[in-house]
Amino acid sequence: MHATVKLQKSWFNEGQTKSYAFRKEQLLTMKKMLTTFEKPILNALKFDLNKSEYEAYASEIAFLKSEIDHHVKQLKSWMQPTKVKTPLTHTGSKNFIRKEPYGTVLVIAPWNYPVQLALAPVIGAIAAGNTVIIKPSELTPTVSWVLKKMIEQYFPPHYISVIEGDKDVTQELLEQPVDYIFFTGSVPVGKIIMEKASKRLIPVTLELGGKSPTIVHKDANIELAAKRIVWGKYTNAGQTCIAPDYLYVHHEVKTDLIHAMKKYIEQFYGKNPLDNEDYTKIVNQSHFERISSYLDSGTVVVGGSTDEATRKITPTVLDQVVWDDPVMKEEIFGPVLPILTYSSLDEVIDQINDRPKPLALYYFGENEVDQQRILHSISFGGGCINDTLYHIINPYLPFGGVGESGMGSYHGKRSFDTFTHEKSITKQTTRFDQNFRYPGSQLGMAVLKRIFG
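Reading guide: rules and limits
Residues numbered from 1 in each chain as written. Predicted model: local features only at pLDDT ≥ 70, side-chain atom pairs only at ≥ 80, totals over all residues. Heavy atoms only, no water. UniProt positions renumbered as here; feature names shortened; annotations may be inferred. Pairing = 2+ DSSP bridges. Helix = DSSP H or I, 4+ residues; strand = E, 2+ residues; numbered from the N terminus. Contact = heavy atoms within 4.5 Å. Axes fitted to C-alpha atoms, helices over the stretch in contact; angles between N-to-C directions. 1 Å grid on protein atoms, 1.4 Å probe; cavity = no way out; pocket = protein on both sides within 12 Å on 5 of 7 lines; lining within 4 Å. Buried < 20%, exposed > 50% of the residue type's maximum accessible area, 1.4 Å probe, protein only. Salt bridge = Lys/Arg side-chain N within 4 Å of Asp/Glu carboxyl O. Core = buried A, V, L, I, M, F, W, Y, C linked by side-chain atoms within 4.5 Å. Domains from an automatic or database assignment.

In the annotation of an unreviewed UniProt entry, the chain is listed under the name Aldehyde dehydrogenase and assigned to Halobacillus dabanensis. According to its UniProt record, the chain has this under Sequence similarities (unreviewed entry): "Belongs to the aldehyde dehydrogenase family."

(A) Looking closely at the sheet that holds strand β3 (residues 104-108). Taken in spatial order, the six strands of this open sheet run β5-β4-β3-β6-β7-β18, and their pairing is mixed. What marks the edges here is a single partner per strand, and that holds for β5 (160-162) and β18 (406-407). For β3 and strand β4 (residues 131-135), the ladder comprises five bridges, and the chain directions are parallel. Counted as the bridge partner of V105 is V132 from β4. On top of the sheet, helix α6 (residues 141-154) reaches β4 and β5; it is set at about 155° to β5, its chief contact.

(B) Highlighting the UniProt feature "active site" (unreviewed entry) in the chain. Under the local residue numbering, the UniProt record ascribes the feature "active site" (unreviewed entry) to E207 and C241. The named residues occupy 35 residues along the chain; their greatest pairwise C-alpha distance, 9.0 Å, places them in one compact cluster. Those annotated residues that line the largest cavity are C241. Position of E207 among the secondary structure elements: in strand β7 (residues 204-207). With residues up to four places along the chain from it excluded, the contact list for E207 reads F182, F183, T184, G185, F399, G400, G401, S405, G408, S409 and Y410. Looking at the secondary structure, you find C241 in the loop between α9 (222-234) and β9 (246-250). Given the relative accessible area of 15%, C241 is considered buried.

(C) Focus on the pattern of salt bridges. All chains considered together, the criterion is met by 15 salt bridges. The closest approach of N and O atoms between E138 and K135, which form a salt bridge, is 3.3 Å. Taking relative accessible area as the criterion, E138 reaches 37% and is therefore assigned partly exposed. Residue D433 is joined to R437 by a salt bridge in which the shortest nitrogen-to-oxygen separation is 4.0 Å. Given a relative accessible area of 44%, D433 falls into the partly exposed group.

(D) View of the nonpolar core. Judged by nonpolar contacts, the single largest core of 117 residues is most densely connected at L119, I215 and V216. If you count residues domain by domain, this core takes at least three from each of domain 1 (1-208 + 405-425) and domain 2 (213-393). The residues contacting I215, other than those within four sequence positions of it, are Y248, Y342, L345, V348, I352, L361, Y362, Y363, F364 and I374. With 18 residues, the next largest nonpolar core counts V5, I133, F183 and L206 among its residues.

Structure (structure tokens):
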């Protein structure tokens, strides 16, 4: 582990990663790698999470290819130095910002989208000119094995390397003198990452989670709201950091919304989702038991069935839930959706603001004033009006949290920016000199007064 970091830092210092041609070539190589290993990736996702071919390709491989295409198209312009204005005090000089890679980046990936969330940060790190060490999740061991094999086949270890292992390996990696840490995972682990990084003053990006609310107001398009909420919540069996975690529904439309959601759950996953061969399973027994325990909260109005042998839990909706119930105490990260009822948006805003800032928020309603009120009144990482999840696949929108839901962001240009240090440069003229700045200048005070008042 230490030898890998030392090897990468040494190779980076040779300047091999810094040219536009090299970076572009590596991005195209990664895209080729994804195409070559498409079948093993899909098979591994099926084995570890029972992801369907469509869901696995769309949410993991297609997402990454799209991100690579965007980076390749924009990379040359992103790399160019940025000229800035020259104030009177700097007359005769040129001032600009150079884009410089940090060095060796450590990417610690989660298990829920184990390919996408391992490689999406790597795309930005490559584009920015860094070397990379990837630590996949041990909870999806088949995917981790495939990641290691394909990286080894396409990239040398002094450039990109995969290090497998459990939390002890992660702890040891955090002791290494890397130049940047990018972590995606839970809030408690994120705090550990930040504490470890702070000892070496290593910059970090933390993509965390939390309880992301969905609000359905009385003027919402109920059919469309139900369809998009069901899609956003139960994709990957709810094991998505930006999935709707709980639902605030206006009392006038709650019955209609539940009825419509039940219809779309059946339409998407069948009358018995436990028999659906393409329905995603819960990642391990511990998470299965944790999520299953939430079924005792409130009243089950849709779903509620489990199969321990296959680790599947049907898409479930809970009514009559209160904030003191266990299901409302932590991020659910599974196919259970609790419903809270409201009469006024004021109470919704107050309740959400009383809790840690969520990673995502989704609002369904047609009134523009109410939409703007929600956006103005509640702090959250990102989200949608009249949709769920869809903001994450727009490469022009940065993705990240705020407060306990994370710090920093990525996707598109923001990925390049995240792994880039902006070096400020003043190139001073030697044709003349401004003597007013030096000690003993008789004009110094007069000039300063004239400039600054």
